[in-house]
Amino acid sequence: MLKHVDVLIVGAGIIGVSVGAELSRRGAKVCIIDKGLLGKGCSYGNAGWLTPCFSMPLPMPGMLLKSMKWMLDPEGPLYIKPTLSFDLAQWLFIFMKSMTEAQALRSIESLVLLSQKSFSEYEKLAKNHPEIHFEQKGLLMVSRTDEGVDSAVSELHYVQDLGVPGKILNGAEIQTMEPALKGPILGGVYFSQEATVEPYQVVQAFAKEIRQRGGEILENVELKDLTIEGGRITSALTSSGEISAKQIVLATGSWSKELAKLLRFRLPILGGKGYAMIVPTLEKQPQYPIMVVEKKIAITPRRNSLRIAGTLELVDQDFSTTQRRVKAIEKGAREFLHLPESLAVQELWAGLRPCTPDGVPLIGYHKSISNLVIAAGHQMLGLQSGAGTGLLVADILENRKSFLDPTIFDVNRF
Ligand SMILES: Cc1cc2nc3c(=O)[nH]c(=O)nc-3n(C[C@H](O)[C@H](O)[C@H](O)COP(=O)(O)OP(=O)(O)OC[C@H]3O[C@@H](n4cnc5c(N)ncnc54)[C@H](O)[C@@H]3O)c2cc1C
């Protein structure tokens, strides 16, 4: 089969469908392919947080000692299994070099803007798609240690002048607000504007809009190769035939590094493996989404259950489940919530966050292939910055000035 479309998007996660939805709205004929099922990659079971307050890149100033301590602890929030790998060594080198204040400020400013733009897009989406369960209750960052409280306050300082309001609270104020938390709590920050959604429903909602506008989403269709002639991709070879497109967008999340090899191009994206478990509603069910700072655990109340997510283990295409790390999430949550002695986990899910070493996504044109745009590497923020990425990519493809200067996302920077 040879199919012709305006834009071929590879990857049907939140980034791919956000781009597809925006381009369809603008009248383009789009086709999205995914080697698996729609939205079943990292965009499936994440915490569902739309939290511009968390617009920090992974490498933050002062993280070196902290991350080295965590890296050596197989139950710590950030873990890197010691392995001999050139890709890993190179990734870590850039990661450590990126922990500067100047770089953090630049990155946070752009990521907040991208997240705020996305936020208003999700608010609009919720009007036609109540099934995404957009709920704006704010977010509580809580801690039992001085270091944790300092870290929450420092996050507030980074974002408050960018239009993300938050209030410093002491332990008693937090426990009055959220009685489901086990004491003692030392303190934290309440960010009042943050929201949550059901992440898989968001992907489905965008997909529905794409199909309604005549776009196609082909599941179980894998990109295998690309034909390049005269600095342009002339056709894409997929597992079910050839597709030709005027423009191609690679939105392949943590798989992007391998695909870039087809183009003899380097995309240093590794997977930041995390887990989320869904458990039945607790007797003392929290009312607010909660970030336990020292454990890096994200607790999200849902209508009939609770989602507990956490850990970041740096891996290269390893989807295995490490029970020890899953147990560490449960143990951490148990210290802050009244979990039953035997926890009936309804669903356990693992996803690979696409992590660039400087913590900033890659969005823009490839330097030597004139019709290839990359949109990948959204680390811990792919949902909250997804819809905005859709707008940005559509503007880039149409060569229009966008709401945000995309220079910081330069895909050719490594
Ligand atoms: C535990 C956890 C909690 C998280 N919580 C949040 C949160 O609360 N808020 C937030 O903003 N972010 C969160 N994230 C991060 C977020 O989930 C990711 O940043 C986001 O899902 C990445 O989206 P993506 O579209 O880039 O990748 P994916 O959703 O992984 O999509 C990439 C797609 O590309 C497809 N693909 C790959 N190779 C090919 C090929 N050759 N041919 C065709 N298709 C291909 C894959 O099958 C996949 O479907 C969390 C992540 C984890 C793990």
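Residues numbered from 1 in each chain as written. Predicted model: local features only at pLDDT ≥ 70, side-chain atom pairs only at ≥ 80, totals over all residues. Heavy atoms only, no water.

Got a minute to help me understand the nonpolar core in this structure?
Ile14, Tyr122, Val202, Phe206, Val249 and Phe409 are the most contacted members of the largest nonpolar core, which totals 46 residues. Residue assignment for this core shows that the elements contributing at least two residues are β1 (2-10), α1 (14-25), β2 (30-33), α4 (101-128), α7 (199-212), β19 (372-376) and α10 (386-397). In contact with Tyr122, not counting residues within four places along its chain, are Ile14, Leu50, Ile132, Phe134, Val202, Phe206, Leu383, Gln384, Gly386 and Ala387. By size, the runner-up hydrophobic cluster in this structure holds 41 residues, among which are Ala47, Trp49, Met291 and Trp349. (Core = buried A, V, L, I, M, F, W, Y, C linked by side-chain atoms within 4.5 Å. Buried < 20%, exposed > 50% of the residue type's maximum accessible area, 1.4 Å probe, protein only. Helix = DSSP H or I, 4+ residues; strand = E, 2+ residues; numbered from the N terminus. Contact = heavy atoms within 4.5 Å.)

Even after reading the chapter, I still don't get a nonpolar patch on the surface, so can you show me in this structure?
A cluster of nonpolar side chains, Leu64, Met68 and Met96, forms an exposed patch at the surface whose accessible area comes to about 240 Å². Taking relative accessible area as the criterion, Met96 reaches 34% and is therefore assigned partly exposed. (Patch = residues over 30% accessible without salt bridge, like charges linked within 9 Å, V, L, I, M, F, W, Y side chains within 5 Å. Areas by Shrake-Rupley, 256 points an atom, 1.4 Å probe, with all protein chains shown as cover. Salt bridge = Lys/Arg side-chain N within 4 Å of Asp/Glu carboxyl O.)

Looking at this structure, how should I read the side chain of Ser43?
Mapped onto the elements of the fold, Ser43 is located in the loop between β2 and β3 (49-50). Within the local environment of Ser43, its side chain forms a polar contact with the backbone nitrogen of Ile14, the two atoms lying 2.9 Å apart. The residues touching Ser43, leaving out its near neighbours within four places in the chain, are Gly13, Ile14, Pro199, Tyr200 and Val203. (Polar contact = N/O pair within 3.5 Å; in protein donor to acceptor, adjacent residues only side chain to side chain.)

Looking at this structure, I do not really get unusual backbone geometry. What am I missing?
For residues that are not glycine, phi is negative in most cases, and the peptide bond is trans in most cases. Residues Gly183 and Pro184 are joined by a peptide bond in cis, for which omega reads -10°. Take Pro184: it is sitting in the loop between α6 (171-177) and β7 (187-191). For Lys296, which is not a glycine, the phi torsion comes out positive at approximately 55°. As for its position among the elements, Lys296 is in the loop between β14 (290-292) and β15 (297-301). Accessibility expressed as a relative area gives 33% for Lys296, which makes it partly exposed.

Explain the site of the ligand here, please?
Every one of the 37 residues lining the ligand counts as a neighbour, but Asp34, Ser43, Gln379, Met380 and Gln384 are closest to it. The separation between a nitrogen atom of the ligand and a polar main-chain atom of Lys35 is 3.0 Å. Between Gln379 and the ligand, the recorded distance is 2.7 Å, taken from a backbone N or O atom to an oxygen atom. If the ligand stood free it would expose 1,000 Å²; the protein chains cover 97% of that surface. (Near = heavy atom within 4 Å.)

Can you walk me through the pattern of salt bridges in this structure?
Close approach of charged atoms allows side chains of opposite charge to pair. If you walk through the whole model with that rule in mind, you get 25 salt bridges. Across the pair Lys124 and Glu121 runs a salt bridge whose closest N-O atoms are separated by 2.9 Å. Of this pair, Lys124 and Glu121 both sit in helix α4, three residues apart, which is roughly one turn of the helix. Residue class for Glu121 comes out buried when judged on its relative accessible area of 12%. Two residues, Arg334 and Glu330, come together in a salt bridge whose shortest N-O distance is 2.7 Å. Here Glu330 and Arg334 lie together in helix α9 (residues 323-336), a separation of four residues that amounts to about one turn. Assessed through its relative accessible area of 23%, Arg334 is described here as partly exposed. Residues joined by salt bridges that share partners form a network here, namely Glu22, Arg25, Arg26, Glu209, Arg213, Asp395, Glu398 and Arg400.

When you look at the packing of aromatic side chains in this model, what are you seeing that I'm missing?
What describes a pair of aromatic rings is the distance from one ring centre to the other and the angle between the planes of the rings. This model, assessed by the stated rule, comprises eight aromatic pairs. Taken together, a centroid distance of 6.4 Å and an interplanar angle of 55° make the contact between Tyr44 and Trp349 tilted. Of the two residues, Tyr44 sits in the loop between β2 and β3 while Trp349 sits in strand β17 (residues 347-355), which places them 305 residues apart along the sequence. Judged by its relative accessible area of 13%, Trp349 is buried. Where Trp91 meets Phe95, the ring centres are 5.1 Å apart and the plane angle is 25°; that geometry is what we call stacked. (Phe/Tyr/Trp six-rings, centres within 6.5 Å; stacked < 30°, edge-to-face > 60°.)

Any chance you could explain the domain arrangement of the chain here in plain terms?
Accessible area lost upon the coming together of the parts is a frequently used measure of interface size. Assigned domains of the chain: these are domain 1 (2-44 + 201-267 + 359-409) and domain 2 (60-100 + 134-193 + 269-355). At the interface, 17 residues of domain 1 touch 16 residues of domain 2. Of the roughly 1,400 Å² buried between domain 1 and domain 2, counting both surfaces, carbon and sulfur atoms make up 60%. Looking at the side of domain 1 facing domain 2, the largest losses of area belong to Cys42, Ser254 and Lys257, adding up to 39% of the total buried there. At the junction of domain 1 with domain 2, the criterion picks out two salt bridges. Notably, a salt bridge pairs Asp316 with Lys257, separated by 3.0 Å at the nearest N-O pair. Linking domain 1 with domain 2 are nine residue pairs in polar contact (both at pLDDT 80 or more), by the criterion used here. Of the residues in the side of domain 1 that touches domain 2, the class split is seven nonpolar, seven polar and three charged. (Domains from an automatic or database assignment. Buried area = accessible area lost by both parts, 1.4 Å probe. Nonpolar A, V, L, I, M, F, W, Y, C, P; charged D, E, K, R; others polar.)

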